[in-house]
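Understanding the architecture of this molecule
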Amino acid sequence: MTTTSMVAVDGTDALAFVIIRPGTADGSVSIEAAASGMSKEAAAYVLRHVAEQFEAEAADEQQDGAQ
């Protein structure tokens, strides 16, 4: 079953954005990203921080599910 949803985001004050969509091939993704108002280096640092938080939350969820 395919689910479609629409999201509106006001990004007028965004310093950077990343959009991850399903790709055209099975298991692939399409990524759109940009930074304006901050360096790409700073945006990459923030993204790594977010990734570490996601990984920690996923590990906690796996641990909770195993109990």
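What you see is a predicted model; the values in this text were computed from it and never measured.

With that settled, the discussion passes to the pairing of strand β1 (residues 16-22). Judged from the seven bridges that link them, β1 and strand β2 (residues 29-35) form a sheet pairing that is antiparallel. Bridge pairing links arginine 21 to serine 30 in β2. Linkage of β1 to β2, two consecutive antiparallel strands, is achieved through a turn of six residues, within which glycine 27 is found at a positive phi near 80°.

Structurally, aspartate 60 is set in helix α1 (residues 40-66). For aspartate 60, a relative accessible area of 44% translates into the label partly exposed. Separated by 52 residues in the primary sequence, aspartate 60 and alanine 8 have C-alpha atoms spaced 30 Å apart.

This paragraph deals with a negative patch on the surface. Residues Glu57, Asp60, Glu61 and Asp64 make up a contiguous surface patch of negative charge. Given the relative accessible area of 46%, glutamate 57 is considered partly exposed.

Together, Val18, Ile20, Val29, Ile31 and Leu47 give the surface a local cluster of nonpolar side chains, amounting to about 480 Å² of exposed area. Looking at the nonpolar patch, the elements with two or more residues in it are β1 and β2. With respect to the helices and strands, the residue isoleucine 20 is situated in strand β1.

Rules used throughout
Residues numbered from 1 in each chain as written. Predicted model: local features only at pLDDT ≥ 70, side-chain atom pairs only at ≥ 80, totals over all residues. Heavy atoms only, no water. Pairing = 2+ DSSP bridges. Helix = DSSP H or I, 4+ residues; strand = E, 2+ residues; numbered from the N terminus. Buried < 20%, exposed > 50% of the residue type's maximum accessible area, 1.4 Å probe, protein only. Patch = residues over 30% accessible without salt bridge, like charges linked within 9 Å, V, L, I, M, F, W, Y side chains within 5 Å. Areas by Shrake-Rupley, 256 points an atom, 1.4 Å probe, with all protein chains shown as cover. Salt bridge = Lys/Arg side-chain N within 4 Å of Asp/Glu carboxyl O. Lys, Arg positive; Asp, Glu negative; His and termini not counted. Charge placed at Lys NZ, Arg CZ, Asp CG, Glu CD.

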